[in-house]
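Descriptive structure summary
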Amino acid sequence: MTALCTMKYLCQATRNDGRCAKRFFGTLLPQTAQKWLFSPFWIVVPDPRKSAVFGLTQPYCTDEKSHTQPKSKAAFGSVGRRIPYRILHVINQDGESLGNMHRAEALRLMDQHGLKLVLLRENAEPPVYRLMTGQQIHEEQLKRAEKKKASPKPGVVQKELSFSSAIAKNDLETKTKQIAQWIEKRHHVKVTIRQAKGSSTDMFMLFDQILETVSEKATYLSKPKVAREGVSTCVFRHMSDKELKEHQKMEIKKNNTVKKDENEDLKSNELYQ
């Protein structure tokens, strides 16, 4: 009799465990959107007279993955004494290679000559550093800023024109009209002038002459500069709405001043007559 009661209680406990497990898994299985993963549960029945035992480890979700953010490019400048690499390829302030050396030796040279270490190429093997003066770093930063400013922004079309400094007047007028049309469409226009042999024409004056013709709507994005020997370049852009309003105010003020001066000249001439 005792054995039968014991078996009855064991069977009832097994059914209760089964219903609990069913309700538990029934609430988790519909949550497919979160991709729940479960470790396999186990059932141990060492003795038919004992109840089944269920074991389940803690579930986890695979949706929340760790995303490593891309490493941002460091700004050009002195790295100080923070050098994570053991072996470096070092270039001196004159641009000459000093070969590979330990970072301690590079720091010793930096302190000895009163220079600064600048990272040039991090992806090289070994990374390339250069010893530079503060003035050299400042000049290089200005060059890079100017280059970045001159590069067209995403969605902006940049047109290019190139001609010789010995260009004829009619041809220059044609080129200027083409620039004006592109500026009207709010394109950036890069103009390159090559110094012709035997020509004494100032290339910078040609740039200013072009700007004066299209000055009602255009201005310099990148001011005229020497790209290399015998070649100069600049970039024109359309004025912003604010710049256009300021330009119009300046023109009105200028015209009023000219008219005032003309009226004063007429009055003075009448007095003398």
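Here's a quick rundown of the structure. Please read all numbers here as calculations on a predicted model, not as lab measurements. The written sequence of each chain sets the order in which its residues are numbered from 1. This being a predicted model, a pLDDT of at least 70 is required before a residue's local features are given, and a value of 80 or more before pairs of side-chain atoms are given or counted; all residues contribute to the totals for chains, interfaces and linings. Only hydrogens and water are set aside; all other atoms, that is, all heavy atoms of the structure, feed into the side-chain values.

Here the focus is the packing of aromatic side chains. Note on aromatic contacts: the rings of Phe and Tyr and the six-membered ring of Trp form a pair at centre separations within 6.5 Å, being stacked when their planes are under 30 degrees apart, edge-to-face when over 60 apart, and tilted otherwise. The full count for this structure, using the stated rule, is 2 aromatic pairs. Plain terms: the ring middles of Phe 204 and Phe 207 are 6.4 Å apart, the flat faces sit at 55° to each other, and that makes the pair tilted. In this pair, Phe 204 and Phe 207 are both assigned in helix α5 (residues 203-213), 3 residues apart and thus about one turn of the helix distant. Type-normalised accessible area, obtained with a 1.4 Å probe on protein chains alone, sets the label of each residue: buried when under 20%, exposed when over 50%, and partly exposed for intermediate values. Under the relative-accessibility criterion, Phe 204 is labelled partly exposed at 32%. Helix numbering and strand numbering both begin at the N terminus, where a helix is a DSSP run of H or I of at least 4 residues and a strand a DSSP run of E of at least 2.

A few words on the environment of Tyr 129. Considering the arrangement of structural elements, one finds Tyr 129 in strand β8 (residues 128-132). Taking the relative accessible area as the measure of exposure, Tyr 129 reaches 2% and is therefore buried. Sequence spacing of Tyr 129 and Ser 78 is 51 residues, and the spatial spacing of their C-alpha atoms is 10.0 Å. By definition in these notes, contact holds between two residues if any of their heavy atoms fall within 4.5 Å. Excluding its chain neighbours within four sequence positions, the residues that come into contact with Tyr 129 are Val 79, Ile 83, Pro 84, Tyr 85, Leu 88, His 89, Val 90, Ile 91, Leu 117, Val 118, Leu 119 and Leu 120.

A few words now on the packing of helix α4 (residues 169-184) against α5. In this analysis an axis means a line fitted to C-alpha atoms, helices contributing only their contacting stretch, and an angle means the value between N-to-C directions, from 0 to 180 degrees. The N-to-C vectors of α4 and α5 enclose an angle of 55°; their axes lie 10 Å apart at closest approach. By the angle between their directions, the pair α4 and α5 is classed as oblique. In this structure, α4 meets α5 at a crossing whose hand is right-handed. Only Leu 206, Gln 209, Ile 210 and Thr 213 of α5 make contact with α4, whose side of the interface consists of Leu 172, Thr 176 and Ile 179. When its residues are assigned to classes, the contact of α4 with α5 shows 4 nonpolar, 3 polar and no charged. Orientation categories follow fixed angle ranges, with anything under 35 degrees roughly parallel, anything over 145 roughly antiparallel, 65 to 115 roughly perpendicular, and all other angles oblique. Each crossing gets its handedness from the near helix: less than a right angle anticlockwise from the far helix is left-handed, clockwise is right-handed. Each residue receives one of three labels: charged for Asp, Glu, Lys and Arg, nonpolar for Ala, Val, Leu, Ile, Met, Phe, Trp, Tyr, Cys and Pro, and polar for the others, Gly being one of them.

Further remarks concern α4. To estimate how far a helix should extend, the number of its residues minus one is multiplied by 1.5 Å. If you check α4, its first and last C-alpha atoms are 23 Å apart, about what 16 residues at 1.5 Å a residue would give, namely 22 Å. Those residues of α4 that sit buried are Leu 172, Thr 176, Ile 179, Trp 182 and Ile 183. Along the axis of α4, the buried positions cluster into a sector of 120°, meaning they face one direction only. Opposite the buried face of α4, at more than 90 degrees from it, the exposed residues are Asn 170, Thr 174 and Lys 177. Contact partners of the buried residues in α4: β9 (158-164), β10 (188-194), α5, β11 (218-228) and β12 (231-238). Arg 186 lies just past α4 and shows a positive phi near 65°. Regarding the arc, it is the one traced by the directions from the helix axis to the C-beta atoms.

On to the side chain of Ser 199. With respect to the helices, strands and loops of the structure, Ser 199 is situated in the loop between β10 and α5. Within the structure, the side chain of Ser 199 is placed 3.3 Å from the side chain of Ser 165, a separation counted as a polar contact. Apart from the residues within four sequence positions on either side, Ser 199 is in contact with Ser 165 and Ala 166. Here a polar contact is taken to be a pair of N or O atoms separated by no more than 3.5 Å, where protein atoms must pair a possible hydrogen donor with a possible acceptor and residues adjacent in sequence count only if both atoms sit in side chains.

Turning our attention to the sheet that holds strand β5 (residues 87-91). Strand order in this open sheet of 4 strands is β6-β5-β8-β7, and the pairing throughout is mixed. What marks the edges here is a single partner per strand, and that holds for β6 (97-102) and β7 (116-121). Taking the axes of each pair of neighbouring strands and ignoring which way they run, one obtains an average angle of 35° across the sheet. Sitting on the sheet, helix α2 (residues 103-113) touches β5, β6, β7 and β8, and the angle it makes with β6 is about 125°. Strands qualify as paired when DSSP identifies two bridges or more between them.

A few words on the pattern of salt bridges. A carboxyl oxygen of Asp or Glu within 4 Å of a side-chain nitrogen of Lys or Arg is what we treat as a salt bridge. Summed over all chains, the structure comprises 6 salt bridges. For Glu 105, the salt bridge is made with Arg 108, and the minimal N-O distance between the two is 2.5 Å. Of this pair, Glu 105 and Arg 108 both sit in helix α2, 3 residues apart, which is roughly one turn of the helix. Residue Glu 105 is classed as partly exposed on the basis of its relative accessible area of 31%. Using a relative accessible area of 41% as the deciding quantity, one classes Arg 108 as partly exposed. Between Arg 144 and Glu 140 there is a salt bridge, with the nearest N and O atoms lying 3.2 Å from each other. With Arg 144 and Glu 140 both in helix α3 (residues 134-150) and 4 residues apart, the pair spans about one turn of that helix. With a relative accessible area of 25%, Glu 140 lands in the partly exposed category.

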